[in-house]
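An overview of the molecular structure
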Amino acid sequence: MESELFGHLKGSFTGAEQDKQRLFQAANGGTLFFDEVADLPLHTQVKLLRVIQEKAVRPVGSQKETHVDVRLLSATHKNLAREVEQGRLRQDLYFRINVIELAVPALRERPEDLSELAITLLQKIAKENPAPECMLSPSALEALHSYSFPGNVRELENILQRAATLCEENLITVDNL
């Protein structure tokens, strides 16, 4: 994990055959997105906090730090305050990353977004695959609206990917879902 975040020097561990810059160095001057930041191991949280505070990374195996200018954007489905209370997230890291909090409700709590989101995802699927864009039949859209989506938007995308693969004549029906 540390090698992926901070890079490493040649010979710093088995398989490190050359110096490697990783995520922080690659994002220098830009934004680094952390998905599921609450799942980072505690020892990695300590090093992440240091990078945020010092604005410098130390690649694995190096004694020298490298300055980085990175905006950090993080996401999680967990309640970070509760993670701090239960000792799974460092409190000092929580205060560093929780500068601006945007709470995005689960898909099941905002059904008005489902149709537009499904259309956008189907456009993305068509762009990524050598196939024409699929449309949702009215009954398929109704079925999606009645589903609770415990897996949130990722589950919707997975369902649509599968349905687009199975559908005929570029029309997704309830049977394809």
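All of these numbers come straight from a predicted model, not from anything done at the bench. (Residues numbered from 1 in each chain as written. Predicted model: local features only at pLDDT ≥ 70, side-chain atom pairs only at ≥ 80, totals over all residues. Heavy atoms only, no water.)

Considering the overall build of the protein
- On a plain count of helices and strands, the protein comes out with eight helices and six strands.
- Reading the protein from its N terminus to its C terminus gives the helix and strand order α-α-β-α-β-β-β-α-α-α-β-α-α-β.
- Counting every position in the protein, which comprises 177 residues, the buried fraction comes to 32%.
- In the protein, the proportion of contacts linking residues at least 24 apart, taken out of those at least 6 apart, comes to 63%.
- When the accessible surface of the protein is totalled, it reaches about 11,500 Å², and 50% of it is carbon and sulfur. (Helix = DSSP H or I, 4+ residues; strand = E, 2+ residues; numbered from the N terminus. Buried < 20%, exposed > 50% of the residue type's maximum accessible area, 1.4 Å probe, protein only. Contact = heavy atoms within 4.5 Å. Areas by Shrake-Rupley, 256 points an atom, 1.4 Å probe, with all protein chains shown as cover.)

Remarks on the packing of aromatic side chains
- Under the criterion given, the structure shown has two aromatic pairs.
- With a centroid separation of 4.8 Å and 80° between ring planes, the pair formed by Tyr147 and Phe149 is classed as edge-to-face. (Phe/Tyr/Trp six-rings, centres within 6.5 Å; stacked < 30°, edge-to-face > 60°.)

What to know about unusual backbone geometry
- Positive phi values are uncommon outside glycine, yet Asn152 reaches one of about 60°.
- Within the secondary structure layout, Asn152 lies in helix α8 (residues 152-166).

Considerations on α8
- Given a rise of 1.5 Å per residue, 15 residues ought to cover 21 Å, and the 22 Å separating the end C-alpha atoms of α8 matches this to within 8%.
- Every buried residue of α8 is listed here: Glu155, Leu156, Ile159, Leu160, Ala163 and Ala164. Projected down its long axis, α8 shows its buried positions confined to an angular sector of 165°, all on one face. Away from its buried face, by an angle of more than 90 degrees, α8 presents the exposed residues Arg154 and Thr165.
- Looking at the buried positions of α8, the neighbouring elements they touch are α6 (114-128), β5 (135-136), α7 (138-145) and β6 (171-172). (Expected span 1.5 Å × (residues − 1). Arc of directions from axis to C-beta.)

As for the environment of Val84
- Inspection of the secondary structure puts Val84 in helix α4 (residues 80-85).
- Considered as a pair, Val84 and Ala38 are 46 residues apart in the sequence and their alpha carbons are 9.4 Å apart.

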